[in-house]
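What follows is the residue order along each chain.
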Amino acid sequence: MNKIAFITGATSGIGQATALKAAEAGFDLIITGRRKERLEQLAKEIHEKNADVLPLNFDVRQAEQVRQAIDNLEGKWRNIDVLVNNAGLAVGVSPIQDGILDDWERMIDTNIKGLLYTTRAIAPLMIARHTGHIVNIASIAGKEVYPGGNVYCATKHAVDALSKAMRTDMLKHNIKVTNIAPGMVETEFSIVRYKGDTEAAANVYKGMTPLTNEDIADTILFAITRPAHVCLNDIVIMPTAQANSRDVLRQ
Ligand code: NDP
Ligand code: 8X3
């Protein structure tokens, strides 16, 4: 029987690449996101890789939608082996004194509360089976801060703290928790951050080679395929051209 991985934010970027690589590695997939057509297209691609797939269309910010989607899982789909808490976003780059409240709410509600709602619904299913692995996609922004990063950095620092908290709370239930903290990855992330300004988004990666969604997917796949007694607790993965949040070599 294939293991089952549940991936939030599978309609784009890191989540999408992880779903495809996990299907190739023999996982069955529960894929989630708000954009239904993209979910359906990805489900088709996963089927073509001979993996079983269940698309679930919900917004991680809506606690009731998350709870219902997971409570309504039937049969084998309740046996989730791996949860990848990946759905997330940055919105805006304003300094704190000019911050836009709606941007702040979107980041806090998605990156912290959405991750909590999903984990709250799935962890009991893992505990009942005394096995499981939760992978939280944090960020270098969860280790450092940078100008204009303020609330996004705060949400990712929260993810970093929650990874440690989950690891200690679920120790006795044999559940692994892996925190993954990438630097710059070229996905739709910067387009979302700059609210559709594709030129501003492209400038983020100008003159340097960023990571790709596949680089992060490879890292996630490595983490979730270790032997039962091995847990990678915390992985920082950066482009070679990025030393930290502020120092980027552009040529
Ligand atoms: P993308 O914008 O390409 O993907 C983000 C995914 O999150 C999409 O599938 C989107 O799906 C989903 N998502 C966003 N909001 C919601 C919501 N309210 N409900 C459900 N799903 C949602 O960006 P990335 O792949 O780069 O981002 C994935 C994760 O990686 C994020 O947590 C991000 O913070 C983190 N990260 C990204 C880095 C980067 O440089 N790109 C670096 C470090 C960490 P949909 O819109 O269909 O709902
Ligand atoms: C995304 C990486 O450096 O834009 O989490 O914060 S960064």
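Since we're looking at a predicted model, the values are computed, not measured. (Residues numbered from 1 in each chain as written. Chains lettered and ligands numbered in written order. Predicted model: local features only at pLDDT ≥ 70, side-chain atom pairs only at ≥ 80, totals over all residues. Heavy atoms only, no water.)

**A few points about the overall build of the protein chain**
Inference 1: Across its full length, the protein chain holds 8 helices and 7 strands.
Inference 2: Radius of gyration (C-alpha) of the protein chain: 17 Å, near the 18 Å computed for a compact globule of 251 residues.
Inference 3: Projecting the C-alpha coordinates of the protein chain onto the three principal axes gives extents of approximately 50 × 40 × 35 Å.
Inference 4: When burial is assessed residue by residue, the protein chain has 49% of its 251 residues classed as buried.
Inference 5: Long-range contacts, defined as pairs at least 24 residues apart, comprise 71% of the intrachain contacts of the protein chain with a sequence gap of at least 6.
Inference 6: Carbon together with sulfur atoms contributes 51% to the accessible area of the protein chain, which is approximately 11900 Å² in total.
Inference 7: One finds the centroid of the 28 positive side-chain charges in the protein chain at a distance of 4 Å from the centroid of its 29 negative side-chain charges. (Helix = DSSP H or I, 4+ residues; strand = E, 2+ residues; numbered from the N terminus. Rg over C-alpha atoms; globule rule 2.2 N^0.38 Å. Buried < 20%, exposed > 50% of the residue type's maximum accessible area, 1.4 Å probe, protein only. Contact = heavy atoms within 4.5 Å. Areas by Shrake-Rupley, 256 points an atom, 1.4 Å probe, with all protein chains shown as cover. Lys, Arg positive; Asp, Glu negative; His and termini not counted. Charge placed at Lys NZ, Arg CZ, Asp CG, Glu CD.)

**Considering empty space enclosed by the protein**
Inference 1: Here the structure, examined in full by the defined rule, presents 2 cavities of 30 Å³ or more.
Inference 2: Val91, Gly92, Ser94, Trp104 and Asn150 are, among the 14 residues lining the largest cavity, the residues nearest its centre.
Inference 3: Taken together, the elements giving at least two residues each to the lining of the largest cavity come down to α4 (101-129) and α5 (150-169).
Inference 4: Tallied by class, the residues present in the lining of the largest cavity amount to 7 nonpolar, 6 polar and 1 charged.
Inference 5: Reported here for the second largest cavity is a volume of approximately 30 Å³.
Inference 6: Thr8, Val60, Asn85, Asn86, Ala87, Gly114, Leu115 and Thr118 together form the lining of the second largest cavity.
Inference 7: Top element by residues in the lining of the second largest cavity is α4. It accounts for 3 residues.
Inference 8: Taken together, the residues of the lining of the second largest cavity break down into 3 nonpolar, 5 polar and no charged. (1 Å grid on protein atoms, 1.4 Å probe; cavity = no way out; pocket = protein on both sides within 12 Å on 5 of 7 lines; lining within 4 Å. Points joined across faces, edges and corners; volume = space filled by probe spheres on them. Nonpolar A, V, L, I, M, F, W, Y, C, P; charged D, E, K, R; others polar.)

**What to know about the site of ligand 1**
Inference 1: The local shell around ligand 1 holds 29 residues, among which Thr11, Ser12, Arg34, Tyr152 and Thr187 are the closest.
Inference 2: At 2.6 Å, a side-chain N or O of Thr187 approaches an oxygen atom of ligand 1.
Inference 3: Out of a free accessible area of 870 Å², ligand 1 has 96% covered by protein chains.
Inference 4: Assessed atom by atom at 2 Å from the grid points, ligand 1 resides in the largest pocket.
Inference 5: For the shell around ligand 1, the secondary-structure elements that each account for two or more residues are α1 (13-24) and α5.
Inference 6: Here the shell around ligand 1 is composed, by residue class, of 12 nonpolar, 11 polar and 6 charged. (Near = heavy atom within 4 Å. Polar contact = N/O pair within 3.5 Å; in protein donor to acceptor, adjacent residues only side chain to side chain. Sits in = over half its atoms within 2 Å of the grid points.)

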